Amino acid sequence: MFSGVERMQAVNILCCLFVFEPGLADLSSKWNNIRSRFEKPPPLWFMPTSLQREEILSDFETSGKPKESSWPDVPTELGQISGVAVDMFDRPVVFHRGPVTWDSTSFDISHRYRKIADGPIDVDTIVTLDPVTGDVLKSWGSGLFYMPHGLTVDVNGNTWITDVALHQIFKFKPNSTKPALILGRRFSPGSDENHFCKPTSIAVASTGTFYVADGYCNNRIMMYSSGGTLIGQIGRQGSQLFPNMVDQFLIPHGLVLIEDQDKLCVADRENSRISCFNAGLKELERFGEPLVVSDTKFSGRPYGITAHGARIFTVTGSSFGWGIQRPKGHTLSAENGKVIDTWNSLNGLKNPHDIAISSDGNTLYVAEIGPNVLTKFDLE
């Protein structure tokens, strides 16, 4: 027989394998409305002080709550949408797996891809959509990738890719299908400076400096020069059983760089938290210094993360163990990690995997895996 802790671990492992995510006149009524948005609200008899109420309502009213937009469905031929980004023209770009799915047969116990013989995905895996109509504007990527995961488009229009089957990351210049940079060894997982093991996400500075979340196996964040020279890394293996230090990751699944604050934030999935560190762009010796950790009101396993101004947006998948947490979106303060709001789609997110925001901060896109959909949100 399994103990309670062992059962909890087993359920979390199974999740990892198979889920690849106005004005009210009465202030008391408004406070109750706010209370209902928290997973574990204070008891009914609790009422905040006047100052607390003003602070809470101020945060609530100015948070820019995402609301699902009436947007046409994305093309039905898309497979599992593992990544979404916004390009230089504020058009959503998706990275999908076509006919390939990630399941329990995809990798062996050493993280080596089992289906190399099937060849690369033979459909265009990178698709740019019209932000108004949802029509396909262009697509490419056929014959290049085996198991798409992370997608980033930098301020210069370069496209950055992670492929967890290849254990590699790629940089493509605008309008090019030939990689300008490849790091990692093809189909070869590893933990030294020349290898990745299922890298998950990339964040890129305007200077070209970039960061890689080396994600599923190595639990580390690596910093590189624009030419691909390793500058430094942070991260240690965490544990599901015991509280972890902020630099002990357990599947760092998403990255976002808040460049004006010199802050790199990590969606630390199995630790169920958002952690932000000094990005080291202004003072390299400070790279990796802990800055912000999401507060205790944050719940769920964060998959994707993006940011605009002083706000962080993330989407969480289902989680089990200490209680079922349903998939949803969260808005957090980039300054202190406090949860400002939670939100969802009209029918409820099912398996959200990534999130991106427009340059003006008015539109969010959430990509899901099973159902394979891209949902657009307007920020009120």
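Within each chain, residue numbers correspond to sequence positions counted from 1 in written order. Given that this is a predicted model, residues contribute local features only at a pLDDT of at least 70 and side-chain atom pairs are listed and counted only at 80 or more, while totals for whole chains, interfaces and linings are drawn from all residues. Heavy atoms throughout the structure, all of them, feed into the side-chain values; hydrogens and water do not.

Colleague: Just checking my understanding: could you explain the confidence of the model for the protein chain for this structure?
Modeller: Note that predicted coordinates carrying low pLDDT should not be read in detail. For every residue, the predictor states its confidence as a pLDDT score lying anywhere from 0 to 100. Of all residues in the protein chain, 80% have pLDDT values of 70 or greater, and the mean over the chain is 85. Here a residue-residue contact requires only that any non-hydrogen atoms of the pair lie within 4.5 Å. When the criterion is pLDDT under 50, residues 1-63 qualifies, and its contacts beyond four places in sequence or with other chains add up to 69 contacts.

Colleague: How should the packing of aromatic side chains be read in this particular structure?
Modeller: Given two aromatic rings, their pairing is described by the distance between the two centres and the angle made by the two planes. Any two rings among Phe, Tyr and Trp, with Trp reduced to its six-membered ring, count as a pair given centres within 6.5 Å; such a pair is stacked if its planes are under 30 degrees apart, edge-to-face if over 60, and tilted if neither. For the structure on display, the rule yields 17 aromatic pairs. Seen from their ring centres, Trp160 and Phe210 are 4.6 Å apart, and the 45° between their planes marks the pair as tilted. Taken together, the residues span a long stretch of sequence, with Trp160 in strand β7 (residues 159-163) and Phe210 in strand β11 (residues 210-214) at a distance of 50 residues. We call a residue buried when its accessible area falls under 20% of the maximum for its residue type, exposed when it is over 50%, and partly exposed in between, using a 1.4 Å probe and counting protein chains only. What makes Trp160 buried here is its relative accessible area of 1%. An aromatic cluster of at least three residues, connected via ring pairs, comprises Trp102, Phe107, Tyr113, Tyr146, Phe187 and Tyr216. Both a distance and an angle decide whether a charge sits over a ring: NZ of Lys or CZ of Arg must be within 6 Å of the ring centre and within 35 degrees of the ring normal. Stacked on the ring of Phe107, the Lys or Arg Lys198 has its end atom at 4.1 Å from the ring centre. Strands are runs of DSSP state E lasting at least 2 residues, helices are runs of H or I lasting at least 4, and numbering of each runs from the N terminus.

Colleague: What exactly am I supposed to notice about the state of the cysteines here?
Modeller: What we call a disulfide is simply a covalent bond connecting the sulfur atoms of a pair of cysteines. Sulfur atoms of two cysteines make up a disulfide when they are within 2.5 Å. Applying the stated criterion across every chain, the model contains 2 disulfides. Here Cys197 connects covalently by a disulfide to Cys217, the sulfurs 2.1 Å from one another. One quick way to see it: the torsion about the S-S bond of Cys197 and Cys217 is about -60°, and its sign makes the bridge left-handed. Placement of the pair is Cys197 in the loop between β9 (181-183) and β10 (199-204) and Cys217 in the loop between β11 and β12 (220-224), with a sequence separation of 20 residues. Residue classification places Cys197 among the buried residues on the basis of a relative accessible area of 4%. Overall, the relative accessible area of 17% leaves Cys217 in the buried class. There is a disulfide in this structure between Cys265 and Cys276, and the S-S distance comes to 2.1 Å. On the sign convention where negative means left-handed, the S-S torsion of about 105° between Cys265 and Cys276 marks this disulfide as right-handed.

Colleague: Where do I start with the nonpolar core in this structure?
Modeller: Residues Tyr113, Ile126, Phe145, Met147 and Ile161 are the most contacted members of the largest nonpolar core, which totals 26 residues. Of all elements in the fold, only β3 (92-96), β6 (148-153) and β8 (168-172) reach the threshold of two or more residues within this core. Apart from residues no more than four positions distant in its own chain, Phe145 is found in contact with Phe95, Pro120, Ile121, Thr125, Ile126, Ile161, Asp163, Phe170 and Phe172. The term nonpolar core refers to a set of buried residues drawn from Ala, Val, Leu, Ile, Met, Phe, Trp, Tyr and Cys, joined through side-chain atoms within 4.5 Å. Listed in part, the 16 residues of the second largest apolar core include Ala203, Tyr211, Ile221 and Phe249.

Colleague: So what exactly am I meant to see when it comes to the sheet that holds strand β2 (residues 81-86) here?
Modeller: Backbone-to-backbone hydrogen bonds pair the strands of a sheet. The strands run either parallel or antiparallel. Taken in spatial order, the 4 strands make up an open sheet running β2-β3-β4-β5, and their pairing is antiparallel. At either end of the open sheet lies a strand with only one pairing partner, and these are β2 and β5 (136-140). Neighbour to neighbour, the strand axes of the sheet diverge by 20° on average, direction disregarded. Here a strand pair is declared whenever DSSP counts at least two bridges between the two strands. Examined bridge by bridge, β3 and strand β4 (residues 126-129) share 3 bridges and lie antiparallel to one another. Residue pairing across strands places Val94 opposite Val127, the latter belonging to β4. Here an axis means a line fitted to C-alpha atoms, over the contact stretch when the element is a helix, while the angle between two N-to-C directions is reported on a 0 to 180 degree scale.

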